[in-house]
Amino acid sequence: MAYWLVKSEPDAWSWDQQVKRGTKGEMWSGVRNHTAKQNLMKMKKGDRAFFYHSNIGKEIVGIVEVIREHYPDPTDDTQKFVVVDVKAVEPVPQPVTLAAIKAEPRLKDMALLKYSRLSVQPVTDAEWKTICRMGGIK
DNA sequence: GCCAACGTTGGC
DNA sequence: GCCAACGTTGGC
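The next point concerns the protein's contact with DNA strand C. If you check the shell around DNA strand C, you find Lys7, Tyr52, Ser54, Asn55, Lys58, Leu98, Lys102, Ser116 and Arg117 and nothing else. Taking the atoms of DNA strand C that fall within 4 Å of the protein, sugar and phosphate contribute 77% of them. Between DNA strand C and asparagine 55, the relevant distance is 3.0 Å, taken from a phosphate oxygen to a main-chain nitrogen or oxygen of the residue. In the model, a base oxygen of DNA strand C is placed 3.1 Å from a nitrogen or oxygen of the arginine 117 side chain.

Following this line, the structure appears as structure tokens:
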């Protein structure tokens with residue numbers, strides 16, 4: 001199983017809204033970047049991703065699971081981009097802030113810090129474990 | 001509100 | 001095909 005991190009501005013789509021969708025999940029639409037698209041296409045059913053609030057909060061607030069692999073984005077007129085469906089799995093009890101990630105030496109190579117504008121990013125197993133521990137997840 | 005990073009567009 | 005101009009994202 002692979003790990004990922006997806007970003008959303010809470011004004012546009014927040015963790016609370018994701019949770020309200022329940023097990024039905026919601027498509028992760030609006031990606032208009034080719035690197036992010038490549039990552040979406042690598043996602044497999046059952047993969048997990050951190051849900052990060054950009055701009056407002058700037059913290060990891062929850063974990064989602066991929067429940068449907070990539071298919072064409074219906075909101076994309078050009079037919080070039082794709083979406084996956086994700087459902088909320090569990091909240092992060094103590095949200096992990098960007099500041100905390102920057103302060104943690106083991107996370108210095110995270111894509112979040114290196115490619116801050118990339119909205120769908122891979123996360124390594126080690127990074128995943130570190131952040132879970134910081135967030136109070138067993 | 002500003003600005004750095006970076007992707008995209010368009011003139012040549 | 002190069003590169004300057006411009007737009008967008010996202011941290012501060």
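The strands that make up a sheet pair up through hydrogen bonds in the backbone, lying either parallel or antiparallel. The six strands are arranged S2-S5-S4-S3-S1-S6 in an open sheet whose pairing can be described as mixed. Because the sheet does not close on itself, it has two edges, and the strands there are strand S2 (26-27) and strand S6 (120-123). Those strands touched by helix H5 (residues 125-135) are strand S1 (3-8), strand S3 (48-53), strand S4 (59-72), strand S5 (82-97) and S6, and its axis lies near 45° from that of S5.

Turning our attention to the protein's contact with DNA strand B. Surrounding DNA strand B, one finds Asn33, His34 and Arg117. Expressed as a percentage, the sugar and phosphate content of the atoms of DNA strand B within 4 Å of the protein is 40%. Arginine 117 places a polar side-chain atom, nitrogen or oxygen, 2.5 Å from a base oxygen of DNA strand B.

Let us now look at the nonpolar core. Counting residues in hydrophobic clusters, the biggest one holds 19 residues, and the most contacted among them are Trp28, Leu40, Met43, Phe51 and Val120. Secondary structure elements with two or more residues in this core: S1, helix H2 (34-42), S3, S4 and S5. Once residues lying within four places of it in the same chain are set aside, the contact partners of methionine 43 are Trp4, Val6, Val66, Glu69, Val84 and Val120.

Turning our attention to unusual backbone geometry. With glycine set apart, most residues show a phi of negative sign, and most peptide bonds adopt trans. Residues other than glycine seldom take positive phi values, yet asparagine 55 does so here, at roughly 70°. Mapped onto the fold, asparagine 55 is located in the loop between S3 and S4. Phi at lysine 58 takes a positive value of approximately 50°, unusual for a residue other than glycine. Along the chain, lysine 58 turns up in the loop between S3 and S4. Residue class for lysine 58 comes out partly exposed when judged on its relative accessible area of 42%.

Among the structural elements, aspartate 85 can be located in strand S5. Summary of buried charges: aspartate 85 has no salt-bridge partner, and the nearest side chain of opposite charge, arginine 68, is 4.4 Å away. Excluding its chain neighbours within four sequence positions, the residues that come into contact with aspartate 85 are Glu26, Met27, Glu65, Val66, Ile67, Arg68 and Tyr71.

The next thing to look at is the environment of glutamate 26. Within the element layout of this structure, glutamate 26 appears in strand S2. As a C-alpha pair, glutamate 26 and arginine 68 span 42 residues in sequence and 9.6 Å in three-dimensional space. Only 2.6 Å separates the side chain of glutamate 26 from the side chain of arginine 21, close enough to count as a polar contact.

On to the packing of aromatic side chains, then. For the structure on display, the rule yields four aromatic pairs. Centroid distance tryptophan 15 to phenylalanine 51: 5.5 Å. Interplanar angle 70°. Geometry classified as edge-to-face. Taken as a pair, tryptophan 15 in helix H1 (residues 15-20) and phenylalanine 51 in strand S3 lie far apart in primary sequence, 36 residues in all. Each of the two residues, tryptophan 15 as well as phenylalanine 51, counts as buried. A centroid spacing of 5.4 Å and a plane angle of 90° characterise the contact between tryptophan 28 and phenylalanine 51, whose relative ring orientation is edge-to-face. In this pair, tryptophan 28 is assigned in the loop between S2 and H2 and phenylalanine 51 in strand S3, connecting sequence segments 23 residues apart.

What counts and how
- Residues numbered from 1 in each chain as written.
- Chains lettered and ligands numbered in written order.
- Predicted model: local features only at pLDDT ≥ 70, side-chain atom pairs only at ≥ 80, totals over all residues.
- Heavy atoms only, no water.
- Near = heavy atom within 4 Å.
- Polar contact = N/O pair within 3.5 Å; in protein donor to acceptor, adjacent residues only side chain to side chain.
- Pairing = 2+ DSSP bridges.
- Helix = DSSP H or I, 4+ residues; strand = E, 2+ residues; numbered from the N terminus.
- Contact = heavy atoms within 4.5 Å.
- Axes fitted to C-alpha atoms, helices over the stretch in contact; angles between N-to-C directions.
- Core = buried A, V, L, I, M, F, W, Y, C linked by side-chain atoms within 4.5 Å.
- Buried < 20%, exposed > 50% of the residue type's maximum accessible area, 1.4 Å probe, protein only.
- Lys, Arg positive; Asp, Glu negative; His and termini not counted.
- Salt bridge = Lys/Arg side-chain N within 4 Å of Asp/Glu carboxyl O.
- Phe/Tyr/Trp six-rings, centres within 6.5 Å; stacked < 30°, edge-to-face > 60°.

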